[in-house]
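Geometric and topological summary
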Amino acid sequence: MHAPSDSAPQPEHLAALRALITPGLYGAALESSPLLRHPAVLARSGAHATRQGRVRALIAALEEVIERHLRANDQVAARMLFALGEWSGRSVTERHRAVARLRNRHGTWERNYRKEPLARDLTMILLALGRLAPEAGASASPESAVALSANLVRCLGRRRTAYPLDMSLHELRSAALLVETRVVPYHQKGPTLTLDTVAQALSEGRSVLLLGEPGAGKSVALYELVRRCLDQGLLPFPVRARDHRDLLSDQAWPGLSSVPGSVLFLDGLDEAATEREHLAIGLGELLRLRPALVTSRRREYEHELSPLLLEAEFDEIYVLVPWRVEVEFADYLRRLAGAGLVEKPGPLYGTVTGSEDLSRLVTRPLYARMLTFIGEHAAHDVGSPAALYGEYLVKLARVAEATAGLGGGALQVWGAAAWSAHSSGAVAPNAIAVGEFVDALPGGLSRHTVRRLLDLILEIRTTQGGEVGEFLHYSFYEYLVANQVCDVLVSRPDHESVIEALRHDLSREIRHHVVAQLRAVPRRHLRDTLVGAYRVARSGGVTPEVQAVCNLIVYLLSRVVPQCEADLLELLDREDDLFLSAAIQWALCHKGAPGIDGRFFEQLDRDPVMRAQCRGYVLYYYGDMDKTIGPPYTDESPFHPCTTTLRQIMGVFERSTTIERIPGARRAIDLFTFLDILVVRHMTLPAKGFEELYRFHESLRHEGVDAKLWNRLAQMLEELRPHGRDTHSE
């Protein structure tokens with residue numbers, strides 16, 4: 001028999017089924033429906049279902065119930081309610097009228113059907129749906145948990161890294177090519193530790209958050225910890241954060257917490273940031289399985305994701321430590337030489353140690369692997385991450401083309417794949433539907449050839465009968481998107497092409513890649529291209545998309561085009577939109593234009609709306625305000641929490657030496673906006689934080705900052721002074 005708790009209609013399921021009537025089953029937004037968690041849907045969708053896979057499972061389950069398990073008028077009524085069969089495409093009013101008369105010849109929807117008969121019909125459908133659910137207890141089998149663990153570990157082991165590209169994590173570990181990983185406690189000073197410390201914590205039942213920069217080796221460290229857990233007799237369940245619902249939908253999930261030695265490994269929390277709402281719902285349920293190890297990029301955790309983890313109560317938080325040239329990088333080269341993968345590591349090591357830029361790059365494991373692939377000769381031309389990505393992808397493209405017998409085309413295919421993911425708004429930002437992409441790709445390459453090229457740069461897996469490809473490294477995706485934008489901007493495009501290229505906002509990392517690439521190529525016409533595109537975009541009025549495009553144009557002008565102050569001032573004089581006016585003035589402050597900080601401050605001082613928009617943009621930038629709210633982003637009562645912004649900006653001010661190259665005017669406006677965020681919330685600062693801001697303010701005294709602005713900053717700081725304490729000497 002089926003357990004009533006699993007199959008009996010629940011109030012939320014009745015409400016969710018009722019919500020499908022107005023749009024019809026095929027027109028409803030099912031992605032957030034509670035029915036996706038119905039046991040019958042979870043059983044049908046399978047162990048590796050994505051959200052869309054579960055939506056398809058829900059539709060199929062309801063179709064089966066209505067067509068096979070209902071009879072006579074019950075079936076007809078269900079078709080009317082959910083616009084199925086001959087009722088597909090008919091208005092909800094027509095369907096209301098028809099179903100009411102089906103049950104009562106003289107009945108109406110509001111008076112005779114909407115309450116009791118409708119509730120009975122929906123309950124009947126849910127009871128039938130419940131009979132499709134698996135029997136209670138079927139998911140609690142230890143054998144099924146062991147099988148699930150083994151499958152997830154195999155999937156993780158098949159993932160690849162930058163070099164050797166044809167070897168999986170499992171093969172790299174088996175060949176002893178993985179270098180020892182070191183960690184340090186988060187926000188604490190102390191000696192570096194090995195992964196043994198983390199493994200010990202997990203074996204003792206403690207949960208760990210592991211943070212790292214892009215390419216710092218988070219997935220490699222996670223795989224090593226999974227293998228160590230297996231060696232200790234534990235049962236690891238590794239899953240990518242963006243696929244967390246696949247684990248929750250598996251029939252074995254309800255019983256995992258009762259299986260001795262179960263450990264959850266959740267990789268890439270930052271990659272699921274775009275599903276923040278769904279992740280917030282599922283994360284609490286996932287982390288009931290303890291101990292757990294969760295990995296994330298450090299910046300995304302601090303900017304966006306930390307609020308989701310406030311109740312997670314990790315016992316320990318660690319940060320991955322960069323490689324040392326003379327230790328980890330040298331060890332890596334020795335391992336490659338021992339495996340016969342490089343012949344003479346000495347010249348490359350000498351080139352790296354003789355270059356400050358290369359020595360800095362190889363402290364990040366991903367960059368070290370990429371540098372090893374391009375070799376000692378090409379390394380001489382590398383001085384930045386952007387240059388390294390360029391050399392790596394060019395060489396990888398040549399290898400791919402030689403293998404496939406092509407004269408070119410690999411980079412174009414990879415760039416098109418990255419742009420497809422960027423412009424489609426996919427759930428996973430760096431993911432594409434492989435079949436659809438190959439079918440839509442223009443050109444003379446065969447499907448087989450395109451697929452071979454994609455295999456080199458994507459990790460392709462089958463989900464619900466369709467293939468999904470994700471870039472082996474998220475940073476490859478970021479570089480390729482930036483490369484596409486750069487190619488458009490330097491090709492003397494028409495204004496509409498520029499607007500289209502910048503229509504989707506660019507992340508901080510992609511912006512940095514675009515700037516680095518543009519600075520490395522001739523850009524004689526870039527000034528006219530950007531200024532012209534701004535004017536054309538603005539000629540169509542003000543919309544959030546226009547504001548996003550123009551904001552990016554202003555950003556690029558101020559970072560890439562020398563002596564652009566006159567252009568920015570001309571745009572400013574014609575600009576009547578507050579959001580864009582603020583963006584231009586911020587850019588002019590970044591360029592150090594004389595007197596602009598005073599002009600900007602005077603407008604902010606007299607215009608509370610512009611001031612609120614500037615506060616809002618800072619909150620958006622640091623992750624305390626949802627990007628769907630704007631632009632413009634307006635910080636108004638009731639005020640959003642500013643926890644992430646406060647932590648991040650205080651960290652910037654504490655590392656003030658890193659921003660000394662930024663003009664004083666820009667630093668002063670940044671400080672004003674930050675203090676304004678705190679003042680409107682009637683906050684005070686702890687003594688240490690106040691001291692940091694006080695010193696930062698004092699450092700602006702001789703930077704030519706507008707006197708009124710400098711004095712206002714002093715007044716605002718006084719409002720934020722810790723109560724009853726003298727925190728600095730005059």
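Within every chain, residues take consecutive numbers counted from 1 along the sequence as written. Reporting of local features is limited, given that this is a predicted model, to residues whose pLDDT is at least 70; pairs of side-chain atoms are given and counted only at 80 or more, and all residues count toward the totals for whole chains, interfaces and linings. Side-chain calculation: all heavy atoms of the structure are included, whereas hydrogens and water are not.

A word on the side chain of R240
For clarity, the threshold we go by: Secondary structure counts use DSSP, requiring at least four H or I residues in a row for a helix and at least two E residues in a row for a strand, with both numbered from the N terminus. By the criterion applied in these results, polar contacts are pairs of N or O atoms within 3.5 Å in which, for protein atoms, one can donate a hydrogen and the other can accept it, and in which residues neighboring in sequence qualify only through two side-chain atoms. Any pair of residues with heavy atoms lying within 4.5 Å of one another is described as a contacting pair.
For R240, the location among the structural elements is in strand β4 (residues 235-240). Separated by 3.0 Å, the side chains of R240 and E459 make a polar contact. Not counting the four nearest positions on each side in its chain, R240 is found in contact with R159, L266, D267, E459 and E470.

Quick look at the sheet that holds strand β5 (residues 262-267)
Where we set the bar: Strand pairing requires that DSSP identify at least two bridges connecting the strands. Lines are fitted to the C-alpha atoms to define the axes, a helix being fitted only along its stretch in contact, and any angle between axes, read from their N-to-C directions, falls within 0 to 180 degrees.
Taking strand neighbours across the sheet as the criterion, the seven strands line up as β2-β1-β7-β3-β6-β5-β4 in an open arrangement whose pairing is mixed. Edge positions in the sheet fall to β2 (193-194) and β4, since each has one partner strand and no second. Strand direction decides the pairing type here: strand β3 (residues 208-212) and strand β7 (residues 316-320), joined by four bridges, are parallel. Bridge pairing links L210 to Y318 in β7. Taken strand by strand, helix α12 (residues 218-231) contacts β3, β4, β5, β6 (292-297) and β7, and its axis lies near 170° from that of β5.

Structural notes on the packing of helix α32 (residues 596-606) against helix α33 (residues 608-621)
Formally: Between 65 and 115 degrees an angle is taken as roughly perpendicular, under 35 as roughly parallel, over 145 as roughly antiparallel, and anywhere else as oblique.
Packing of α32 against α33 leaves a shortest axis separation of 5 Å and a crossing angle of 110°. If you check the angle between α32 and α33, you find them roughly perpendicular. Facing F600, Q603, L604, D605 and R606 of α32, the residues of α33 in contact are P608, M610, R611 and C614.

A few points about the confidence of the model for the protein chain
We count it as follows: A residue's pLDDT is simply how confident the predictor is in it, with values from 0 to 100.
Chain-level statistics for the protein chain give a pLDDT mean of 85 and a share of 90% at 70 or above. Here residues 1-7 scores under 50 on pLDDT; set against residues more than four positions off or in separate chains, the count is 12 contacts.

Quick notes on unusual backbone geometry
Note the threshold: Partly exposed residues are those whose accessible area sits between 20% and 50% of the maximum for their type, while under 20% is buried and over 50% is exposed, using a 1.4 Å probe and protein chains only.
In this chain, Y163 is followed by P164 through a cis amide linkage whose omega measures -10°. In this structure, P164 sits in the loop between α9 (142-157) and α10 (169-174). The phi dihedral of A72 falls on the positive side, at around 50°, and the residue is not glycine. The class of A72 is exposed, set by a relative accessible area of 60%. Of note in the backbone geometry, Q563 takes a positive phi value of approximately 45° without being a glycine. Within the secondary structure, Q563 is located in the loop between α29 (544-560) and α30 (565-574).

Quick notes on the state of the cysteines
This is how the line gets drawn: A pair of cysteine sulfur atoms is labelled a disulfide when the two atoms are within 2.5 Å.
According to the stated counting rule, one finds zero disulfides in the structure shown. Unpaired in terms of disulfides, C229 finds its nearest cysteine sulfur in C155, a separation of 18 Å. Left without a disulfide partner, C614 is nearest to the cysteine sulfur of C589, which lies 10 Å away.

Examining the nonpolar core
As a reminder, the rule being used: Residues belong to a common nonpolar core when they are buried Ala, Val, Leu, Ile, Met, Phe, Trp, Tyr or Cys residues joined through side-chain atoms within 4.5 Å.
Y392, W414 and L454 are the most contacted members of the largest nonpolar core, which totals 168 residues. Sequence-distant contacts of L454, that is, excluding residues within four places in its chain, are made with V413, W414, A417, V434, F437, V438 and I460. Counting 39 residues, the second largest nonpolar core, distinct from the first, contains L17, I66, A128 and L129.

Focus on the pairing of β6
Extensive coverage of β6 is indicated by the burial of six of its six residues. On β6, burial covers both faces: A292, V294 and S296 on one face and L293, T295 and R297 on the other are all buried. Bridge count between β3 and β6: five bridges; the pairing is parallel. Counterpart to L209 in the pairing with β6 is V294.

Structural notes on the pattern of salt bridges
What counts, and what does not: A side-chain nitrogen of Lys or Arg and a carboxyl oxygen of Asp or Glu constitute a salt bridge if their distance falls within 4 Å.
Per the stated rule, a full pass over the model turns up 41 salt bridges. Two residues, E500 and R503, come together in a salt bridge whose shortest N-O distance is 3.3 Å. Several salt bridges share partner residues, and in doing so they unite R159, R240, D267, E459 and E470 into one network.

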